[in-house]
Amino acid sequence: MKRGAMSLPNSAPSPTEDRWAAWLTLVGHSAASLRTTATGVEALGFRTLWFPETPNSREAFTQAALLLGATERLRIATGVANVWARDATVAAAVRRTLEDAYPGRFIMGLGTSHAVRNADRGHTYTKPLTFMREYLHAMSAAGPFDAGSGQSPVMIAALRGRMQELAREAADGMHTFFAPPEHTARARRILGPDPRLVPQQAFIITDDRDSAVERARAYVSSRLALPNYANHLIELGFTERELADGGSSTLVERMVAIGDADEVVTRLSEHHQAGADQVAAHPLDERGGGLPQLRLLTDAIARTYQEPT
């Protein structure tokens, strides 16, 4: 797969450059509300919107097409579509179809998800690394498709070393979820300088810290119930004691950036310093489509990185 298609100058971050993206669950939206949220994200200056796929969400690629159709310039990225949910030929056809319809605006994020999530779909979760490797190979071999149609970039979810090596060797880069800046630094070392690296980072902008910590703890606890996330944090050096009972206070505040808008920008920027090309900012408070939180964030980014007069 061709690398470098998404590379941009490594300049000072601002909401109008691709070093910042929005990451939203988009849960509970009607189609009309999705369109409103996407156009709102675009109006704030973000160039990319990431969203996930779960057994209870809309089908990822159909939703991506809806969001692309509602916006003019915004890139739409699946963060991530489950490879067990559709075969590789379908995914290859989607790459061609959406690239033809919306050139340069679709990013296909793919992942193997979790054993329990795949059991919900009726699939057996075995050898995820092998499955992903064979899936990417099958995507590359699929076709022939319509002559002249391009292919959208592909990024894969990769928490641990061997999957990160596969992202380096067979994809355009890597998207991570529930991973602190320490993980971003390690991932960049494995990826090398060229493949794209985009971590998701949860945040809450607030002056009510106690309430925010409780919301953050619920989020962290739900992720720690999934072995893939717990195991990768252990590998990073967190202890089992820190992961117990929904996560220690130190872990919760490491996994979720909490504070005023300027504090949150500083925290999210740790991923840039660790080697991320883009940080996908995920407001845990998605009231109003997450736009109020994202607006506070972009205002702070503009203050932090404004050019001196």
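You'll find the structure just up there.
Residues numbered from 1 in each chain as written. Predicted model: local features only at pLDDT ≥ 70, side-chain atom pairs only at ≥ 80, totals over all residues. Heavy atoms only, no water.

J.: Quick one: what's the story with the pairing of strand β10 (residues 279–283), residue by residue and with numbers?
T.: Across the five residues of β10, five count as buried, placing the element largely inside the fold. Of the two faces of β10, the one holding Val279, Ala281 and Pro283 and the one holding Ala280 and His282 are both buried throughout. In this structure, strand β1 (residues 20–23) lies alongside β10, joined through three bridges in parallel fashion. Its bridge partner being in β10, alanine 21 is matched across the sheet by alanine 280. Taken together, the four bridges between strand β8 (residues 196–205) and β10 define a ladder with parallel strand orientation. For phenylalanine 203, the partnering residue across the bridge sits in β10 and is proline 283. (Buried < 20%, exposed > 50% of the residue type's maximum accessible area, 1.4 Å probe, protein only. Helix = DSSP H or I, 4+ residues; strand = E, 2+ residues; numbered from the N terminus. Pairing = 2+ DSSP bridges.)

J.: A description of the packing of aromatic side chains should follow, citing residues and the corresponding values.
T.: One pass over the structure, following the stated rule, counts eight aromatic pairs. On the numbers, 6.4 Å between centres and 65° between planes, the contact of phenylalanine 177 with tyrosine 219 is edge-to-face. Taken together, the residues phenylalanine 177 in the loop between β7 (173–176) and α7 (181–191) and tyrosine 219 in helix α8 (residues 209–224) connect sequence positions 42 residues apart. A residue is classified by how much of its surface remains accessible, and phenylalanine 177, at 12% relative accessible area, is buried. (Phe/Tyr/Trp six-rings, centres within 6.5 Å; stacked < 30°, edge-to-face > 60°.)

J.: I'd love a proper account of the environment of alanine 92, names of residues and values included.
T.: If you trace the backbone, alanine 92 turns up in helix α3 (residues 88–101). Given the relative accessible area of 3%, alanine 92 is considered buried. Sequence separation between alanine 92 and valine 154 is 62 residues; the distance between their C-alpha atoms is 10.0 Å. The contacts of alanine 92, once residues within four sequence positions are left out, are Met139, Ala142 and Phe145. (Contact = heavy atoms within 4.5 Å.)

J.: I'd love a proper account of a negative patch on the surface, names of residues and values included.
T.: Taken together, the side chains of Asp207, Asp208, Asp210 and Glu214 make up a negatively charged region of the molecular surface. Among the secondary structure elements, glutamate 214 is positioned in helix α8. (Patch = residues over 30% accessible without salt bridge, like charges linked within 9 Å, V, L, I, M, F, W, Y side chains within 5 Å. Areas by Shrake-Rupley, 256 points an atom, 1.4 Å probe, with all protein chains shown as cover. Salt bridge = Lys/Arg side-chain N within 4 Å of Asp/Glu carboxyl O. Lys, Arg positive; Asp, Glu negative; His and termini not counted. Charge placed at Lys NZ, Arg CZ, Asp CG, Glu CD.)

J.: A description of unusual backbone geometry should follow, citing residues and the corresponding values.
T.: In this model, glycine 79 is joined to valine 80 through a cis peptide bond whose omega is 5°. Mapped onto the fold, valine 80 is located in the loop between β3 (75–78) and β4 (81–82). Residue proline 144 follows glycine 143 across a cis peptide bond; omega there is 5°. With respect to the secondary-structure elements, proline 144 resides in the loop between α5 (128–141) and β6 (154–157). A positive phi angle, near 60°, is found at phenylalanine 178, a position not held by glycine. Classification of phenylalanine 178 as buried rests on a relative accessible area of 1%. You will see that aspartate 245, though not glycine, has its phi angle at about 55°, which is positive.

Spatial relationships are all this shows, so hold off on functional conclusions.
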